[in-house]
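Examination of the molecular architecture
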Amino acid sequence: MSANYSEVVSSVKTAITEDGKLIGKWETAGENVAKFYQSVKAIEEVKAQFIADAILPAIDKKHAQALAKDMPRMNSKDYKEQCAKDAGYADKWELVNKAKKDARSTCGTYFTRVVNYAFPPEKKESKKKSFVEKISALIEEGGKIKECDFDLVKVMGFLVQAEKITKIKI
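Predicted, not measured: the structure shown is a model, and the values here were computed from it. (Residues numbered from 1 in each chain as written. Predicted model: local features only at pLDDT ≥ 70, side-chain atom pairs only at ≥ 80, totals over all residues. Heavy atoms only, no water.)

1. Points about the packing of helix α3 (residues 47-55) against helix α6 (residues 89-118)
How two helices sit against one another is set out by the angle between their axes and by the gap between those axes. One can describe the packing of α3 onto α6 by two numbers: an axis separation of 11 Å at closest approach and a directional angle of 95 degrees. With respect to each other, α3 and α6 are oriented roughly perpendicular. Residues Lys47, Phe50, Ile51 and Ile55 of α3 form the contact with α6, whose own contacting residues are Cys107, Tyr110, Phe111 and Val114. Taken together, the residues that form the contact of α3 with α6 break down as 7 nonpolar, no polar and 1 charged. (Axes fitted to C-alpha atoms, helices over the stretch in contact; angles between N-to-C directions. Helix = DSSP H or I, 4+ residues; strand = E, 2+ residues; numbered from the N terminus. Parallel < 35°, antiparallel > 145°, perpendicular 65-115°, else oblique. Contact = heavy atoms within 4.5 Å. Nonpolar A, V, L, I, M, F, W, Y, C, P; charged D, E, K, R; others polar.)

Written out as structure tokens, the structure reads:
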């Protein structure tokens, strides 16, 4: 099966448009969460309830089903009894446990996404060093070196020369 160019362009345009709408929905959800909870600490305190009310009903139903299954702890008395009755119980238990882990991971990922849209991490202004500043820092550090396995005088000479040239060009 081959697609023609207009189908390709159309599908890409649709994907980009829908992606923009999706980001807008996440931002709106984040704003609503931020207004209601006021802080990350507040939503973290009710994380389990928030996941149960807002996230779990919205994701794939297999996750809710996996979390709803009761199973004994591994190597507990009940677990060992079940294994004694059914030779394949350990494998079945492992599949259910994997599904539960997957469901918890999915819920946790969505919770983190919601929190990050509601309370975006503060961006630290990092002052980028210019090339001249980097060379000057290397020269300063090079002056502190007592012993090395290369020709330090030659390297320092090149660094000083590079620093002078870059200062002239700027």
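2. Overview of the packing of aromatic side chains
Summed over all chains, the structure comprises 7 aromatic pairs. Every member of this aromatic cluster is reached through a ring pair, and the members are Phe36, Tyr37, Phe50 and Phe111. (Phe/Tyr/Trp six-rings, centres within 6.5 Å; stacked < 30°, edge-to-face > 60°.)

3. Observations regarding the environment of Pro72
With respect to the helices, strands and loops of the structure, Pro72 is situated in the loop between α4 (61-68) and α5 (77-85). Assessed through its relative accessible area of 14%, Pro72 is described here as buried. (Buried < 20%, exposed > 50% of the residue type's maximum accessible area, 1.4 Å probe, protein only.)

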